[in-house]
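Tertiary structure, described
Listed below are the residues making up each chain.
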Amino acid sequence: MEQSTPPGEPAISLHDFTDIDHAVEPTYVAALEAFDRLPLLRELKALAVERTATGPGCRVLDVGCGFGLETLRLARLVRPGGTITGVDLSAAFLDEGRRRAAAAGLDVVFEQGDAQQLPVPDDAADVTRAERVLIYLDDADRALAEMLRVTRPGGRIAIIEPDFDTNTVNVPDVALVRAVLAHEADTAVVNARLVRDLTARLAGLGLADVAIASRMVVFDPELAAQYFGGIGATAVRDGAIDADAGERWRAIVEERHRRGELFGAVGYYLFTATVPG
Ligand SMILES: C[S@@+](CC[C@H](N)C(=O)[O-])C[C@H]1O[C@@H](n2cnc3c(N)ncnc32)[C@H](O)[C@@H]1O
């Protein structure tokens, strides 16, 4: 646990999503569930379903599915006649996904694999989606090409990713906020600003009908305390701010959280597109 995380809120480090089997699993399961509950992120998921026409009979692939929070919802939507496959790097997440699918009586194939080299044949999916995954990948272009390869001609692709430079939190010391949030955007993941080039990259791959939607996703108070508390501690650890500034950050986040006044948000984008042919 990070030193300056508010009491009762284990810190999450986004770095761990590149190798989750070595992370503290219950913390990350809880964190992904907290993200999944966010109403404004839910709106983007629903728009992804609508814009990809995901419904009965569809063959859907969820790339970087985690333990299947959205995958299981989609499994219900594609009945009857559809199929759903979730691919993720994490064996632990996939086991949890299989457990949840069995408990819900849902037929989901969970396969271990790398988004940059999908263990899926060509044209196997009508709809391929990836949510909060490409930002972690060394070669996002390779993953995009893979999504294209496994989706049939005329099929649809949906991608949901954040832009880290949109992060915002109501710590009143603006210079401190800038230092902590810039450090997070510069270091948390390899592709923190990926969304800015995604339209051009999708069009460059020959995808048609590229459309965008976005939401400024407001975090619930616990997730805001956990995430924004954690990135202050990381900034101290990496020397981006000194220990006194880190203590100030911790105290403000904790106090605002205690008073029910903490506000934190991150901007997320949905991209949808059609595979040519
Ligand atoms: C933030 S989580 C999102 C999980 C899920 N899409 C959701 O919305 O709940 C990121 C996921 O990407 C997975 N991941 C990271 N690198 C990957 C890779 N190279 N190939 C496949 N999955 C990967 C992680 O294991 C983790 O499950």
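Just above sits the structure.
These notes cover the structure that comes with them. Note that the coordinates shown come from a computational prediction; the quantities given were computed from them, not determined experimentally.

Attention now moves to the packing of aromatic side chains. In this structure the tally under the stated criterion is six aromatic pairs. Measuring from centroid to centroid gives 4.9 Å for Y227 and F228, while their planes differ by 75°, and the two rings are edge-to-face. As far as the burial class goes, Y227 and F228 line up, both buried. Among the aromatic residues, ring-to-ring pairing joins F35, F219, Y227 and F228 into one connected group.

Moving on, we get to the pattern of salt bridges. Per the stated rule, a full pass over the model turns up 29 salt bridges. In this structure, R100 and E33 form a salt bridge, with 2.8 Å as the shortest nitrogen-oxygen distance. You can see R100 sitting in helix α4 (residues 91-104) and its partner E33 sitting in helix α1 (residues 25-37), a full 67 residues away along the chain. Among the charged side chains, a network of salt bridges with common partners joins D36, R42, K45, D62, E70, R73, R129, E131 and R132.

With that out of the way, let us pick up the sheet that holds strand β5 (residues 151-169). An order of β3-β2-β1-β4-β5-β7-β6 is seen for the seven strands of this open sheet, with the pairing classed as mixed. Either end of the sheet is taken by a strand with one partner, and the two such strands are β3 (109-112) and β6 (208-218). Sheet twist, expressed as the mean angle between neighbouring strand axes with direction ignored, is 15°. Across five bridges, strand β1 (residues 59-63) lies against strand β2 (residues 83-88) in parallel orientation. Counterpart to R59 in the pairing with β2 is T83. With respect to the sheet, helix α3 (residues 69-77) is in contact with β1, β2, β3 and β4 (125-131), its orientation differing from that of β2 by roughly 170°. Sheet contacts for helix α7 (residues 195-204): β5, β6 and β7 (264-274); angle to β5, the most-contacted strand, approximately 165°.

A few words now on the side chain of E146. Inspection of the secondary structure puts E146 in helix α5 (residues 140-150). Once residues within four sequence positions are removed from consideration, E146 is found in contact with A115, Q116, Q117 and L118.

With that settled, consider the side chain of K45. Structurally, K45 is set in helix α2 (residues 39-51). Those residues in contact with K45 that sit more than four places away from it in its chain are D36, E70, R73, R129, E131, R132 and I160.

This part is about the nonpolar core. Counting 41 residues, the largest nonpolar core has F164, F219, F228, W249, Y268 and L270 as the members making the most contacts within it. Those elements giving two or more residues to this core turn out to be α1, α2, β5, α6 (174-187), β6, α8 (221-237), α9 (243-258) and β7. Examining the composition of this core, we find that seven residues originate from one element, α8, more than from any other. Excluding residues that lie within four positions of it along the chain, W249 makes contacts with V169, V171, L176, V177, V180, F228, G229, I231 and G232.

Reading guide: rules and limits
- Residues numbered from 1 in each chain as written.
- Predicted model: local features only at pLDDT ≥ 70, side-chain atom pairs only at ≥ 80, totals over all residues.
- Heavy atoms only, no water.
- Phe/Tyr/Trp six-rings, centres within 6.5 Å; stacked < 30°, edge-to-face > 60°.
- Buried < 20%, exposed > 50% of the residue type's maximum accessible area, 1.4 Å probe, protein only.
- Salt bridge = Lys/Arg side-chain N within 4 Å of Asp/Glu carboxyl O.
- Helix = DSSP H or I, 4+ residues; strand = E, 2+ residues; numbered from the N terminus.
- Pairing = 2+ DSSP bridges.
- Axes fitted to C-alpha atoms, helices over the stretch in contact; angles between N-to-C directions.
- Contact = heavy atoms within 4.5 Å.
- Core = buried A, V, L, I, M, F, W, Y, C linked by side-chain atoms within 4.5 Å.

Function-wise, these values are silent; they only describe arrangement.
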